[in-house]
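So you can see what is in the structure, the chains are spelled out below.
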Amino acid sequence: MKRPAKILLLCALLSALSFAQAPHNSRLSVLDSIINEAIRQRQAPGAVLLVGHNGHVMFRRAYGDRAIEPRREAMTLTTVFDCASLTKVVVTTTAVMQLWERGKFRMGDPVAKYIPEFAQNGKQDITIRQLLIHYSGLAPDLDLTKPFVGKDAAYRMAFEETPEWPPGSRFVYSDINFEVLGALVERLSGESLDAYSQKHIFIPLKMRETRFLPPRFFF
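The structure displayed is predicted, hence computed values, not measured ones.

(A) Representation of the packing of helix 5 (residues 151-159) against helix 6 (residues 175-189) in the model. Remark: helix 5 packs on helix 6, axes separated minimally by 10 Å, with the N-to-C direction vectors making an angle of 115°. In this structure, helix 5 crosses over helix 6, and the sense of that crossing is left-handed. Contact residues: Lys 151, Tyr 155, Ala 158 and Phe 159 in helix 5; Ile 176, Glu 179, Val 180, Gly 182, Ala 183, Glu 186 and Arg 187 in helix 6. Looking at side-chain class alone, the contact of helix 5 with helix 6 contains 6 nonpolar, 1 polar and 4 charged residues.

(B) Region of the structure containing the layout of surface pockets. Within this model, the largest pocket holds a volume of roughly 1200 Å³. Contributing to the lining of the largest pocket are 37 residues, with Asp 82, Ala 84, Thr 87, Phe 212 and Leu 213 lying nearest its centre. Contributions of two or more residues to the lining of the largest pocket are made by helix 3 (86-101), helix 5, helix 6 and helix 7 (193-202). The element best represented in the lining of the largest pocket is helix 3, accounting for 6 residues. When its residues are assigned to classes, the lining of the largest pocket shows 21 nonpolar, 6 polar and 10 charged.

(C) Structural detail: unusual backbone geometry. Geometrically, the link from Glu 69 to Pro 70 is a cis peptide bond, its omega value of 0° lying close to zero. Assignment of secondary structure puts Pro 70 in the loop between strand 2 (56-67) and strand 3 (73-74). Here Arg 42, not a glycine, exhibits a phi torsion of approximately 60°, which is positive. Note that Arg 42 resides in the loop between helix 2 (31-40) and strand 1 (46-53). Under the relative-accessibility criterion, Arg 42 is labelled exposed at 78%.

(D) Examining the environment of Gln 198 more closely. In this structure, Gln 198 sits in helix 7. Looking at Gln 198, the relative accessible area reads 28%, which means it is partly exposed. Separated by 12 residues in the primary sequence, Gln 198 and Thr 210 have C-alpha atoms spaced 8.6 Å apart. If near-sequence neighbours (up to four positions away) are discounted, Gln 198 is found in contact with Ile 203, Pro 204, Thr 210 and Arg 211.

(E) Structural view of the pattern of salt bridges. Summed over the entire model, instances satisfying the criterion amount to 9 salt bridges. For the salt bridge of Arg 72 with Asp 65, the shortest nitrogen-to-oxygen distance reads 2.5 Å. Owing to a relative accessible area of 57%, Arg 72 belongs among the exposed residues under this scheme. Two residues, Asp 175 and Lys 88, come together in a salt bridge whose shortest N-O distance is 2.8 Å. A residue pair is termed long-range when its members are at least 10 positions apart, and Asp 175 in helix 6 and Lys 88 in helix 3 qualify at 87 residues. Three or more residues are tied together by salt bridges with common partners; here these are Arg 66, Arg 71 and Glu 73.

Criteria and thresholds
- Residues numbered from 1 in each chain as written.
- Predicted model: local features only at pLDDT ≥ 70, side-chain atom pairs only at ≥ 80, totals over all residues.
- Heavy atoms only, no water.
- Axes fitted to C-alpha atoms, helices over the stretch in contact; angles between N-to-C directions.
- Helix = DSSP H or I, 4+ residues; strand = E, 2+ residues; numbered from the N terminus.
- Left-handed = near helix turned anticlockwise from the far one by under 90°.
- Contact = heavy atoms within 4.5 Å.
- Nonpolar A, V, L, I, M, F, W, Y, C, P; charged D, E, K, R; others polar.
- 1 Å grid on protein atoms, 1.4 Å probe; cavity = no way out; pocket = protein on both sides within 12 Å on 5 of 7 lines; lining within 4 Å.
- Points joined across faces, edges and corners; volume = space filled by probe spheres on them.
- Buried < 20%, exposed > 50% of the residue type's maximum accessible area, 1.4 Å probe, protein only.
- Salt bridge = Lys/Arg side-chain N within 4 Å of Asp/Glu carboxyl O.

Below, the structure written as structure tokens:
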């Protein structure tokens, strides 16, 4: 995923420099080939590019597809994108640290102290700190070849995981760590993660266009 990041950086630089005074979209259409080449190489099924300058939208275009399974759907300018792992930083980590500040737990506490079912399969001593810094010994992700539906099923699968390495022995970036931390936030706060983020993070910070989940009318 390194090249798409470079594409975004390149687009930002172009918008700020040579194309900042572009009189019409044709000056910026040179960017089309960059995005289309990334799609051709299957680095992404599609993208939406927006270039802004001095508070004005200079260029906006949708490319490729926003979905390919179970059916192909064309990308649109209004497609809502999942921020994916940014959720770990913006929501989950912030929520965990807020609860820590309120004295709800200590970083060295075993996760199983608050989520007893997490203790199974040798995880009884994994600490909250180890989840946060990716030293839990858990695999990078759940086994996605096993079908499951819904948050509760994902939590159950995470709680049933067996560490692949001794906890504390090595750094391994793991989605499972933050899935469990999301469950921890819910256990300690009594609120769902999306409700918690809206009430304690987005509204206080006036993040009016940010949501943990899209509005219902998008479903």
